[in-house]
Amino acid sequence: MYTQAKVVVLLAAYNGGKYIREQLKSILEQDFSGHIKVIVRDDNSRDDTVTIVNSYLDLPSNRSITLIQNPDSEHGHLANFSALCQIGLTTESEYFAFADQDDVWHKNKISRMFALMQSELKGKDNLVPIMIHSDLRVVDEALNQLSPSYIKYQGLPDPDAQLFPTILRQNVVTGCTTFFNRVLLEKAFPVPQGLVVHDWWFALWARFYGKLIYIDDATIDYRQHNLNAIGAQEFMGGPDYTSYRFYKLLFEFPRLFQKSIKQAIVFKERASAFSSESELARAGISEYADFNNLTTKKRIAMIDKLYPVSISKKEKLYLMVVFTLMPWIKP
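Bear in mind the structure is a predicted one, so any value in this text is a computation, not a measurement. (Residues numbered from 1 in each chain as written. Predicted model: local features only at pLDDT ≥ 70, side-chain atom pairs only at ≥ 80, totals over all residues. Heavy atoms only, no water.)

Trainee: I'd love a proper account of the environment of Gly210, names of residues and values included.
Mentor: With respect to the element layout, Gly210 can be found in the loop between α8 (198-209) and β9 (211-223). Each C-alpha atom, one on Gly210 and one on Lys122, is 14 Å from the other, the two residues being 88 residues apart in sequence. (Helix = DSSP H or I, 4+ residues; strand = E, 2+ residues; numbered from the N terminus.)

Put into structure tokens, the structure is as follows:
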């Protein structure tokens, strides 16, 4: 049914020689009958990543791999995916997926998401920006299961419930699970530098202008090892006041929150070309983007809007202090 369809997988690589062969195998052996084109952009790896990718010569007619090596001085996870997005736009494909180098995709990931995409686009002429994402199975380095659900493992909120303005402060989309259409790629590109992660940026565009669809089931094995760019941390049901991670999060939160404000400012500027000020205001985007210019009283009042689920008195006190100091905190 979908033999003529083409999906481009945008895979960012850097020193991934230890795991990238398993990842490429899982992508190339998808049960999807259409064409899968994997574009690997290597960020100047110093191991055998390039050699491994170049070894894929004899592939079926509906599978292909293109290797691109970074010729620029700009490096890093975000810059790599941003460049991949630009490359993706030069293809004729209508459908795309982000991929990391160290995971393993479940065999039906693309076919399942492609079918859901077609169902959502029925009668819409592929004009609606759509991003589909899913849960992940958390595994160790040897692919032994640590948790069947990344969302529960991390203690994250229900992704379907993350609407505006709460999605401005917390990302619930994991890029390596995503599947999206060309309309979304065209709206979200270029990916601004200085953001936290590229997938959050795409999620904002999908949620505001189209559809952000969550599959409450794992479609990939999310490998944990000591070189993860982001990785997963198990949620223990509440704050552990004796753990290093707890105090690290307390320290990092203000900076990350400031980055989310910067992201909202850029999103508002770009979105204003497609939407009225009243539309942006109703979604809470304008107020969030202007957060640092609000009075202290208004910033503290934002706690209830941004954290609609009840939080403890200690958490609220912490947020009151952070929100009071936010204009002087650097991202």
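There's plenty left to go through after this.
Trainee: So what about the pattern of salt bridges? Which residues, and what values?
Mentor: All told, the structure shown has 9 salt bridges when counted by the stated rule. Lys211 is the partner of Glu120 in a salt bridge, and the nearest nitrogen-oxygen pair spans 2.6 Å. Of this pair, Glu120 sits in helix α4 (residues 109-121) while Lys211 sits in strand β9, placing them 91 residues apart in sequence. The exposure class of Lys211 is partly exposed, given its relative accessible area of 34%. (Salt bridge = Lys/Arg side-chain N within 4 Å of Asp/Glu carboxyl O. Buried < 20%, exposed > 50% of the residue type's maximum accessible area, 1.4 Å probe, protein only.)

Trainee: Describe the state of the cysteines, listing the residues and the values that go with them.
Mentor: Taken as a whole and assessed by the stated rule, the structure comprises 0 disulfides. Cys85 forms no disulfide, and the closest cysteine sulfur to it belongs to Cys176, at a distance of 15 Å. The class for Cys176 is buried, based on a relative accessible area of 2%. (Disulfide = S-S within 2.5 Å.)

Trainee: Any chance you could break down the nonpolar core for me, citing the residues and the numbers?
Mentor: Residues Trp201, Phe202, Phe267 and Phe323 are the most contacted members of the largest nonpolar core, which totals 54 residues. Of the residues forming this core, the biggest block, 9 residues, is contributed by α8. Here Phe202 is in contact with Cys85, Phe98, Met131, Phe180, Leu184, Leu185, Ala188 and Val191, once residues within four sequence places are set aside. (Core = buried A, V, L, I, M, F, W, Y, C linked by side-chain atoms within 4.5 Å. Contact = heavy atoms within 4.5 Å.)

Trainee: For the environment of His133, give the residues involved together with the corresponding values.
Mentor: Counting through the fold element by element, His133 comes out in strand β6 (residues 130-139). Taking C-alpha positions, His133 is 21 Å from Glu22, a pair spaced 111 residues apart along the chain. Not counting chain neighbours up to four residues away, the residues in contact with His133 comprise Met113, Pro159, Val172, Val173, Thr177, Thr178, Leu212, Ile213, Tyr214 and Ile215.

Trainee: Go over helix α3 (residues 77-89), please, and point to the residues and values.
Mentor: Look at α3: 19 Å from first C-alpha to last across 13 residues, which is about the 18 Å you get at 1.5 Å a residue. Counting buried positions along α3 gives 10 out of 13 residues, so the element sits mostly inside the fold. Listed as buried for α3 are Leu78, Ala79, Asn80, Phe81, Ser82, Ala83, Leu84, Cys85, Ile87 and Gly88. In this fold, the buried residues of α3 make contact with β1 (6-13), β2 (35-42), β3 (63-69), β4 (95-99), α7 (182-188) and α8. (Expected span 1.5 Å × (residues − 1).)

Trainee: Account for the packing of aromatic side chains, with residues named and values stated.
Mentor: The full count for this structure, using the stated rule, is 27 aromatic pairs. Ring centres 6.4 Å apart and planes at 75° place the aromatic pair Phe114 and Phe179 in the edge-to-face group. Highlighted residues: Phe114 in helix α4 and Phe179 in strand β8 (residues 179-181), separated in sequence by 65 residues. Taken individually, Phe114 and Phe179 each receive the classification buried, so the pair is uniform in this respect. Here Phe291 and Phe323 contribute two aromatic rings whose centre-to-centre distance is 5.0 Å and whose plane-to-plane angle is 80°, an arrangement assigned as edge-to-face. Of this pair, Phe291 sits in the loop between α11 (285-289) and α12 (296-306) while Phe323 sits in helix α13 (residues 313-325), and the two are 32 residues apart along the sequence. The exposure class of Phe291 is buried, given its relative accessible area of 0%. Assessed through its relative accessible area of 0%, Phe323 is described here as buried. (Phe/Tyr/Trp six-rings, centres within 6.5 Å; stacked < 30°, edge-to-face > 60°.)

Trainee: An account of unusual backbone geometry is needed here, citing residue identities and associated values.
Mentor: Phi is mostly negative for residues that are not glycine, and the peptide bonds are mostly trans. Cis geometry marks the peptide bond from Phe164 to Pro165, where omega comes out at 5°. Relative to the helices and strands, Pro165 is located in the loop between α5 (150-154) and α6 (166-169). Between Phe189 and the following residue, Pro190, the backbone shows a cis peptide bond with an omega angle of 0°. Note on placement: Pro190 falls in the loop between α7 and α8. Backbone geometry places Asn15, a non-glycine residue, at a positive phi of 50°. Within the fold, Asn15 resides in the loop between β1 and α1 (20-28). Taking the relative accessible area as the measure of exposure, Asn15 reaches 28% and is therefore partly exposed. Residues other than glycine seldom take positive phi values, yet Asn44 does so here, at roughly 65°. Take Asn44: it is sitting in the loop between β2 and α2 (49-54).

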